[in-house]
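What follows is each chain in one-letter form.
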Amino acid sequence: MKECEEKFCGFLRSMGVDRVYDMGAASALALKETQREFVDRYRSGDRKSALPMLTSACPGWICYAEKTHGSFILPFISTTKSPQQIMGSLVKNHLAEHQCKSPSQIYHLTVMMCYDKKLEASRDDFYDDLYRTRDVDCVVTSLEVEQMLEQRNLVLSQCESVPLDRLPGVESSFHAVGGGAGGYLENILSFAAKELFQTEIGPIEYKVIRNQDFREVTIIVNGEPKLHFAAAYGFRNIQNIVQKMKRGKCPYDFVEIMACPSACLNGGGQIRPPDPSVAKIWLQNVQQLFDSLDCQKLENVQWVQQLYDAWIGPQDDDRKRLQLLHTQYHSLENKSNALNIKW
C-alpha cells in the first residue's frame, strides 16, 4: 500500500500537481467533531429531533434524505462535514494561512471513490462568496484516474515514487479503525462509552440483523443497555431505518449510514473488476488491502488535538468551529444546478 501511495503521488506530480496530501487529518477531525456532536445530542435527551444521530459523510445518502424525506429526517443527520469537505476547509483556510495565500489562489482537487462526491463539492454551502472559490474545486474518481493512466499508456508501477506532503501540524498518516465507512461507528461508540459511562470497550462484536450490511451493537453497563448503535449500508437497509424512525420504533442512538452496499470500498467511482463474475472476490481483495493498513484509535493520535487547537483555537471558538467543521442541509423538491458543474 505504501508503494502504491508513493507511485500515485509521483504520477500526480508528473502532471504538475504541486502538493499531494492524504485525507488522514480531515478524517481524524471529522471523527473528533462527530464524537463531540453525538455526546452533546445524547446528553440533551432529545428523542424527537436529536437521536438517533445519523452520519453525514455519504453524499448519496444526503441527496436521498434531502429530496425524499426532507424536513422529517434532516434534524437527525450529523451536521459535521464529511472528510472531503473538512479537507477543503483545511486546504483553503489552514494551509492558505500558513502559505500566506488567498483561498482563491489554491486549486484543490480530491481523488475519491464516489461520483456523488462531485455533487457534494458543488453544493452552495461549500462556496466562499468572499473569495469566490469552492472548498473543493474538482473531484476525480479512482476510475477516472485509471482512465488517465490508460490515456498516457502508463501503469502505476512505472511512475516515480514520491512521498506524500504533510499539512502543517500533521505528524503522521492516520487510518481509522472501523472499516471502509470511515470508522464512525467504532470511534464514536468507544468515545461515548468512556465519556458518558466511564466504560472502556474492547473489540466490538456485531449482531447481524438482515445481512452483513445491517449490523448492530449494544453496550451494557452494570447490567443495563446504555448505547445501541447500528451500521446500515445500501438503500434497502437505509429505508428500513427511516421507516422505523417514522413509526417511532427505531431503537438506535447512532446509525452509520452509507448508500453503497459494503460501504465506500464498493463506491460507484472505484476501479471496476476485469470481469463482473469476479466482483465479489475483487471487493474482498480491496477489503484485505484496507485491513492491512496500520489503523489507529483516534484518542491514540496526539497530533489530532494539537492540530485542532492550532486551527480552531484552544479556547474552542464555537463560531469558528461551526464555520469550518459543520454544514447544513436543505429540504429539496428539485435542485439541478449541482448537476451542471463541468468536472
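Residues numbered from 1 in each chain as written. Predicted model: local features only at pLDDT ≥ 70, side-chain atom pairs only at ≥ 80, totals over all residues. Heavy atoms only, no water.

S.K.: Is there a simple way to explain the side chain of Asp253 in this structure?
M.R.: Considering the arrangement of structural elements, one finds Asp253 in the loop between helix H8 (235-246) and strand S9 (254-258). Among all residues touching Asp253, those that are not within four sequence positions of it are Phe38, Tyr42, Arg47, Leu51, Pro52, Met53, Lys226, Leu227, His228 and Phe229. (Helix = DSSP H or I, 4+ residues; strand = E, 2+ residues; numbered from the N terminus. Contact = heavy atoms within 4.5 Å.)

S.K.: Help me understand unusual backbone geometry in this model?
M.R.: Working note: non-glycine residues mostly have negative phi, and peptide bonds are mostly trans. A cis amide bond links Leu51 to the next residue, Pro52, at an omega of 0°. With respect to the helices and strands, Pro52 occurs in the loop between helix H2 (24-44) and strand S1 (53-54). One non-glycine residue, Gln198, adopts positive backbone phi at about 50°. Relative to the helices and strands, Gln198 resides in the loop between helix H7 (184-197) and strand S6 (207-208).

S.K.: Would you mind going over the packing of aromatic side chains with me for this structure?
M.R.: For any pair of aromatic rings, the description consists of the separation of the ring centres together with the inter-plane angle of the planes. This structure, assessed with the given rule, holds nine aromatic pairs. An angle of 85° between the planes, with centres 6.0 Å apart, marks the rings of Tyr42 and Phe197 as edge-to-face. Remark: Phe197 occurs in helix H7 and Tyr42 occurs in helix H2; sequence separation between them is 155 residues. The class of Tyr42 is partly exposed, set by a relative accessible area of 22%. On the basis of relative accessibility, which here comes to 18%, the residue Phe197 falls in the buried class. On the basis of an interplanar angle of 50° and a centroid distance of 5.9 Å, the ring pair of Phe72 and Phe76 is categorised as tilted. Within the aromatic cluster, the residues linked to one another by ring pairs are Phe38, Tyr42, Phe197, Phe229 and Phe254. The cationic tip of Lys32 hangs over the ring face of Tyr308; the distance from NZ or CZ to the ring centre is 5.2 Å. (Phe/Tyr/Trp six-rings, centres within 6.5 Å; stacked < 30°, edge-to-face > 60°. Buried < 20%, exposed > 50% of the residue type's maximum accessible area, 1.4 Å probe, protein only. Lys NZ or Arg CZ within 6 Å of the ring centre and 35° of its normal.)

S.K.: Would you mind going over the pattern of salt bridges with me for this structure?
M.R.: Opposite charge on two side chains allows them to pair when their charged atoms are near. Overall, the coordinates contain 14 salt bridges when judged by the stated rule. Where Arg123 meets Asp125, a salt bridge forms, and the shortest distance between an N and an O atom there is 3.5 Å. With a relative accessible area of 25%, Asp125 lands in the partly exposed category. (Salt bridge = Lys/Arg side-chain N within 4 Å of Asp/Glu carboxyl O.)

S.K.: So what exactly am I meant to see when it comes to a nonpolar patch on the surface here?
M.R.: A grouping of Tyr107, Leu109 and Val111 is seen on the molecular surface, where their side chains present a nonpolar patch of about 280 Å² in accessible area. Residue position: Leu109 is located in strand S2 (residues 109-112). On the accessibility criterion, Leu109 (38% relative accessible area) is partly exposed. (Patch = residues over 30% accessible without salt bridge, like charges linked within 9 Å, V, L, I, M, F, W, Y side chains within 5 Å. Areas by Shrake-Rupley, 256 points an atom, 1.4 Å probe, with all protein chains shown as cover.)

S.K.: For this particular structure, what's the right way to read the pairing of strand S8 (residues 224-233)?
M.R.: Side-chain positions along a regular strand alternate between the two faces of the sheet. Of all ten residues that make up S8, seven are buried, and the element is covered over most of its length. Sheet topology places strand S7 (residues 214-221) next to S8; eight bridges connect them, and they run antiparallel. For Val221, the partnering residue across the bridge sits in S8 and is Glu224. With five bridges connecting them, S8 and S9 associate as parallel partners. What sits directly across from Phe229, in S9, is Phe254. In terms of handedness, the path from S8 via H8 over to S9 forms a crossover that is right-handed. (Pairing = 2+ DSSP bridges. Right-handed = clockwise from strand over helix to strand, strands pointing away.)

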